[in-house]
Amino acid sequence: MKSLYGREFSIMAGVILLSFALLAGAFVTLTYQYTIREKQDAMERTADTIADFTSAMQNANVSLLDSSYQAYLAAISNISDAYVMICDEEGQVLLSSKGALRDGAPPSVPTSVAREVSQNGGYNDITSLGGLFPEKRYTAGQMVTVSNLMGREIACGMVFVSASMSSVTALWQDLSAIFFMTAAAVLCVAFLTSSVTSRHQTKPLKEIADTARRFGHGEFDVRVTGYEHRKDEVGELAEAFNAMADSIAQSEAKRSEFIANVSHELKTPMTTIAGFADGILDGTIPPERERDYLKTISSETRRLSRLVRRMLDLSRLQSSENVTAQEPFDTAEVMLRVLVSLETKINARHLDVDAHLPDGPVMVWGDPDAITQVCYNLLDNAIKFSDEGTTMGIGITAKGGKAYVSVRNQGKTIPPEELSLLFDRFHKADHSRSADRDGVGLGLYIVKTILGNHKENITVTSSEGVTEFTFTLTLA
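Residues numbered from 1 in each chain as written. Predicted model: local features only at pLDDT ≥ 70, side-chain atom pairs only at ≥ 80, totals over all residues. Heavy atoms only, no water.

### Remarks on the packing of helix α9 (residues 368–384) against helix α12 (residues 443–453)
At their nearest, the axes of α9 and α12 sit 9 Å apart, and the two run at 150 degrees to each other. Overall, the two elements α9 and α12 adopt an arrangement that is roughly antiparallel. For α9 against α12, the interelement crossing comes out left-handed. The residues of α12 that touch α9, namely those facing Ala-370, Ile-371, Gln-373, Val-374, Asn-377, Leu-378 and Asn-381, are Gly-443, Leu-444, Ile-446, Val-447, Ile-450 and Leu-451. (Axes fitted to C-alpha atoms, helices over the stretch in contact; angles between N-to-C directions. Helix = DSSP H or I, 4+ residues; strand = E, 2+ residues; numbered from the N terminus. Parallel < 35°, antiparallel > 145°, perpendicular 65-115°, else oblique. Left-handed = near helix turned anticlockwise from the far one by under 90°. Contact = heavy atoms within 4.5 Å.)

So this is what it looks like as structure tokens:
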């Protein structure tokens, strides 16, 4: 598997190489064309200058063989590093610099070139002039004119100026060499910087990946250290990983605790059932007491059934497939319906009910079946832990877009340190709830889970023997 460093380095190297290739191509093309154009323009200007000077000499009746004229041509040739030829109207060479012509070359320019100069008044090209030069050269031509007696300009010859391409090529090669050396240096620096940067970026990723593998193998105490305080993406990743690790570690601890609690809750009734059943079978329990022990076995069996049913309900509520149906319903009607269903239990404990409900319906959004279960669990819990003969209260108030539903009972005060634990799975306070053999410690946890699915809250207070649970629902 190719590493992130290798991919990043390859991509960066490819981008840099492509960028320099495009830049080099553009540089070479532009400099070459610019150099040629500058050289050709220089030859044209030189040819114009010599043509104007020759025309002036001809108008002054100065011979082309005059030493001053030849000295002028030699000076121009040396200064411009060019070869100069003076030709007649037909292109025959009359006067020229020395050393540039090919040995045995014809003493005239091609007819086509002479015709173009005559017709257009000038000529510019890279050519050997039909073999007149041994190699192609930058060549510019210009018509030489004189004034006749009537003052009209007539052609009397031609001027050709040519320069070797070697000087231009050498200049272009020098520029290219400088460019490519600079590009190579920049490329090396870029590769070195990319290498250091890539390794700096991939090192924490490798360490985070190694920590993740160790965490996946069961080392739940490992965390990413040294990067969580960075103010960049790596720091965010390290912080997110540590938060995830903490959450998973807590979930694993809760899972282990849940399994231990389930095992304990199942073990107690099963031990009781097995012990009493064995006692009846082997005759340890006398026949006259078998009925009492069979009642205990029946009670423990129902308790197991309730425990399994609550666990199935809890699994369904926590399932990702559980989608809370949202519809409007009257929460006051739900509360009264649950209260009526618990009438037998209320009368058995000789409780009075103090109901503070609005005159009209209180319409809220939610799953009516789930909220019915919430009300049932809270009312059943309040009945079980109310002192016999006391008053149990229920109330519903609407405020700020929320309905506040409360259930109140009078009994033993729950210590403040225990209030936050009431909604934990299998929680039972020894001093107030251990005697409740009908409960399995999941009722309030299911209440909390249902309200959490509704994005609602529940609170509990307990002081001076009065315990009150209050939960919210969104008004429809």
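### Structural notes on helix α2 (residues 67–80)
Compared with an ideal rise of 1.5 Å per residue, which puts 14 residues at 20 Å, α2 spans 20 Å between its outermost C-alpha atoms and is within 8% of the ideal. Taken together, the buried positions of α2 are Tyr-69, Leu-73, Ile-76, Ser-77 and Ser-80. All buried residues of α2 lie within an arc of 100 degrees about the axis, which places them on one face of the element. Relative to its buried face, α2 has exposed residues pointing more than 90 degrees away, namely Ser-67, Asn-78 and Ile-79. Remark: Asp-81 follows α2 within two positions and exhibits a positive phi of approximately 50 degrees. (Expected span 1.5 Å × (residues − 1). Buried < 20%, exposed > 50% of the residue type's maximum accessible area, 1.4 Å probe, protein only. Arc of directions from axis to C-beta.)

### Quick look at the side chain of Thr-127
Its location among the elements puts Thr-127 in strand β3 (residues 122–127). You can call Thr-127 buried: its relative accessible area is 14%. A polar atom in the side chain of Thr-127 sits 3.0 Å from the backbone nitrogen of Leu-129. The contact partners of Thr-127, leaving out residues within four places of it in the chain, are Phe-133, Glu-135, Lys-136, Arg-137 and Thr-139. (Polar contact = N/O pair within 3.5 Å; in protein donor to acceptor, adjacent residues only side chain to side chain.)

### Notes on the nonpolar core
Met-335, Leu-378, Leu-379, Leu-422, Ile-458, Phe-469 and Phe-471 are the most contacted members of the largest nonpolar core, which totals 41 residues. For this core, the elements supplying multiple residues, two or more each, are α7 (331–341), α9, β9 (391–399), β10 (402–410), α12, β11 (458–463) and β12 (466–474). With eight residues, α9 is the single largest residue contributor to this core. Excluding anything up to four places from it in sequence, Phe-471 contacts Val-374, Cys-375, Leu-378, Ala-403, Tyr-404, Val-405, Leu-451, Asn-457 and Ile-458. Among the nonpolar cores identified, the runner-up in size contains 21 residues, and Met-43, Ala-51, Leu-64 and Val-84 belong to it. (Core = buried A, V, L, I, M, F, W, Y, C linked by side-chain atoms within 4.5 Å.)

### Topic: the pairing of β11
Looking along a regular strand, one sees side chains alternate from face to face of the sheet. A one-sided burial pattern is seen for β11, the buried positions being Ile-458, Val-460 and Ser-462 and the unburied ones Thr-459, Thr-461 and Ser-463. If you look at the hairpin formed by β11 and β12, you'll find two residues sitting between the two strands, and Glu-464 has a positive phi there, around 55 degrees. (Pairing = 2+ DSSP bridges.)

### Comments concerning the sheet that holds β10
Read from one edge of the open sheet, five strands run β7-β9-β10-β12-β11, paired in mixed fashion. A strand with exactly one partner marks an edge of an open sheet, and here the two such strands are β7 (352–356) and β11. With direction set aside, neighbouring strand axes in the sheet form an average angle of 15 degrees. Running at roughly 170 degrees to β9, α7 makes contact with β7, β9, β10 and β12 of the sheet. Each of β9, β10, β11 and β12 touches α9; the most contacted strand, β12, lies at about 175 degrees to it.

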